[in-house]
Amino acid sequence: MPGTLQEGGASFQTTHWTLISRARQSDSAESAGGALSAFCEAYWPPLYAFLRHRGYTSADAQDLAQAFFAHLLGQDTLSRVDQEKGRLRTFLLRSLQNFLANEYDRARTLKRGGGRQIISFDEHLPEAEAAMLATVHLDDVSCYDLTWASNVVKRAWRQLHEAYAAEGKAQRLAELRPFVVGGTTTPPNQEEVATRLGVPIATLRTWLSRLRQRYLDALRAEVANTVSDPAEVDGELHHLYRILMS
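This one's a predicted model, so the numbers in the text were calculated from it and none came from an experiment. (Residues numbered from 1 in each chain as written. Predicted model: local features only at pLDDT ≥ 70, side-chain atom pairs only at ≥ 80, totals over all residues. Heavy atoms only, no water.)

Focus on the overall build of the chain
Counting its regular elements, the chain contains 12 helices and zero strands. By residue count, 44% of the 246 residues in the chain fall in the buried class. By sequence separation, contacts in the chain at least 24 residues apart represent 75% of the contacts at least 6 residues apart. For the chain, the accessible area works out to roughly 12,500 Å², and carbon and sulfur atoms hold 49% of it. (Helix = DSSP H or I, 4+ residues; strand = E, 2+ residues; numbered from the N terminus. Buried < 20%, exposed > 50% of the residue type's maximum accessible area, 1.4 Å probe, protein only. Contact = heavy atoms within 4.5 Å. Areas by Shrake-Rupley, 256 points an atom, 1.4 Å probe, with all protein chains shown as cover.)

A short note on the packing of aromatic side chains
Taken as a whole and judged by the stated rule, the model has seven aromatic pairs. Measuring from ring centre to ring centre gives 6.2 Å for tyrosine 48 and phenylalanine 121, while their planes differ by 45 degrees; the resulting arrangement is tilted. Taken together, the residues tyrosine 48 in helix H2 (residues 29-53) and phenylalanine 121 in the loop between helix H6 (88-107) and helix H7 (125-134) connect sequence positions 73 residues apart. Given the relative accessible area of 4%, phenylalanine 121 is considered buried. One cation-aromatic arrangement involves arginine 155 over tyrosine 43; the distance from NZ or CZ to the ring centre is 5.0 Å. (Phe/Tyr/Trp six-rings, centres within 6.5 Å; stacked < 30°, edge-to-face > 60°. Lys NZ or Arg CZ within 6 Å of the ring centre and 35° of its normal.)

Quick look at the nonpolar core
Phe69 and Leu92 are the most contacted members of the largest nonpolar core, which has 61 residues in total. For this core, the element with the highest residue contribution is helix H11 (residues 201-224), accounting for 10 residues. (Core = buried A, V, L, I, M, F, W, Y, C linked by side-chain atoms within 4.5 Å.)

Some details on helix H8 (residues 140-166)
If you check H8, its first and last C-alpha atoms are 39 Å apart, about what 27 residues at 1.5 Å a residue would give, namely 39 Å. You can read the cap of H8 off the contacts: a side-chain oxygen lies 3.1 Å from the backbone nitrogen of valine 141, and it is on aspartate 139. A positive backbone phi angle near 75 degrees is found at glycine 168, which sits one or two residues after H8. (Expected span 1.5 Å × (residues − 1). Polar contact = N/O pair within 3.5 Å; in protein donor to acceptor, adjacent residues only side chain to side chain.)

Here we look at the pattern of salt bridges
Applying the stated criterion across every chain yields a total of 10 salt bridges. Across the salt bridge formed by aspartate 140 and arginine 54, the nearest N and O atoms sit 2.6 Å from each other. Of the two residues, aspartate 140 sits in helix H8 while arginine 54 sits in the loop between H2 and helix H3 (58-72), which places them 86 residues apart along the sequence. Residue arginine 54 is classed as partly exposed on the basis of its relative accessible area of 42%. A salt bridge links lysine 169 to glutamate 167; the shortest N-O distance between them is 3.5 Å. (Salt bridge = Lys/Arg side-chain N within 4 Å of Asp/Glu carboxyl O.)

Points about the packing of helix H9 (residues 170-181) against H11
Relative orientation of the contacting elements H9 and H11 amounts to 70 degrees, with a least axis distance of 10 Å. Here H9 is positioned roughly perpendicular relative to H11, judged by the angle of their axes. Mapping the contact onto sequence places Arg172, Leu173, Leu176, Phe179, Val180 and Val181 in H9 and Leu204, Trp207, Leu208, Leu211, Arg212 and Tyr215 in H11. Its residues placed into classes, the contact of H9 with H11 shows 10 nonpolar, no polar and two charged. (Axes fitted to C-alpha atoms, helices over the stretch in contact; angles between N-to-C directions. Parallel < 35°, antiparallel > 145°, perpendicular 65-115°, else oblique. Nonpolar A, V, L, I, M, F, W, Y, C, P; charged D, E, K, R; others polar.)

Observations regarding H7
Within H7 the residues assigned to the buried category are Leu125, Ala128, Glu129 and Met132. All buried residues of H7 lie within an arc of 100 degrees about the axis, which places them on one face of the element. More than 90 degrees from the buried face of H7, the exposed residues found are Pro126 and Ala134. (Arc of directions from axis to C-beta.)

Describing the layout of surface pockets
Of the pockets and cavities examined, the second largest pocket occupies roughly 290 Å³. If you list the elements that add at least two residues to the lining of the second largest pocket, you get H8 and H9. The element best represented in the lining of the second largest pocket is H8, accounting for six residues. Across the lining of the second largest pocket, the residue classes tally to seven nonpolar, two polar and three charged. (1 Å grid on protein atoms, 1.4 Å probe; cavity = no way out; pocket = protein on both sides within 12 Å on 5 of 7 lines; lining within 4 Å. Points joined across faces, edges and corners; volume = space filled by probe spheres on them.)

Section: the confidence of the model for the chain
As a general rule, the predicted coordinates of low-pLDDT regions are not to be interpreted in detail. Confidence in the prediction for the chain averages 78 pLDDT; 71% of positions are at 70 or higher. When mean pLDDT is taken per element in the chain, helix H10 (residues 190-197) scores highest with 95 and helix H5 (residues 81-84) scores lowest with 48. Contacts for the low-pLDDT stretch residues 1-14, under 50 throughout, to residues beyond four places or in other chains number 35 contacts. Long-range and interchain partners of residues 28-32, a stretch whose pLDDT sits below 50, account for five contacts in this model, where long-range means more than four residues apart. (pLDDT = per-residue confidence, 0-100.)

Laid out in structure tokens, this is it:
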């Protein structure tokens, strides 16, 4: 990933830790489930990948992920969140490992679809399975970390795409993306892209500079959602870069 880490830009008023806190303080399981719905949708891929690498079938991994998120909504679990705050990445993995150790017998008796359905796997399950197979050479924790990092990048890029689309610049973003996130076997040619977009090469390079900065800001905002202390953002960003570059 090009560019350097930049300071600032992320708000800590509403983070994923905030959602957990709201769920803990909710008066009913229904309202708690609403507070954590988006959170669960965002974080099931790395947990699912971890479970699959532990040897669970796809169906069992889905059931266990559902059971784990339902477990997180329990008062006894969420009441300990304040003492366990820090990096959401490590909190979730530690919590899942404890869950598997302490509640395996109960969790494995769940019938598929018979437990509390908090997340839907249908839309993104093929993608998650493909990602899991691509990391089969890794151990379960490394697979979890790589899936977590890839998911952060995906969410950051999705937010960036939505912003560019709202500005009427979706085509520009599609042309510039390979310069920022790669994904092509042959590096794009700046002159050819500038010609397709109908702008001078100097304008293209200005657009690229701005896009890289907006992408870094989007990554920072996503990572900021996963920590309880702003001082931890840079450390998590460096960790994310190390995972993706290894």
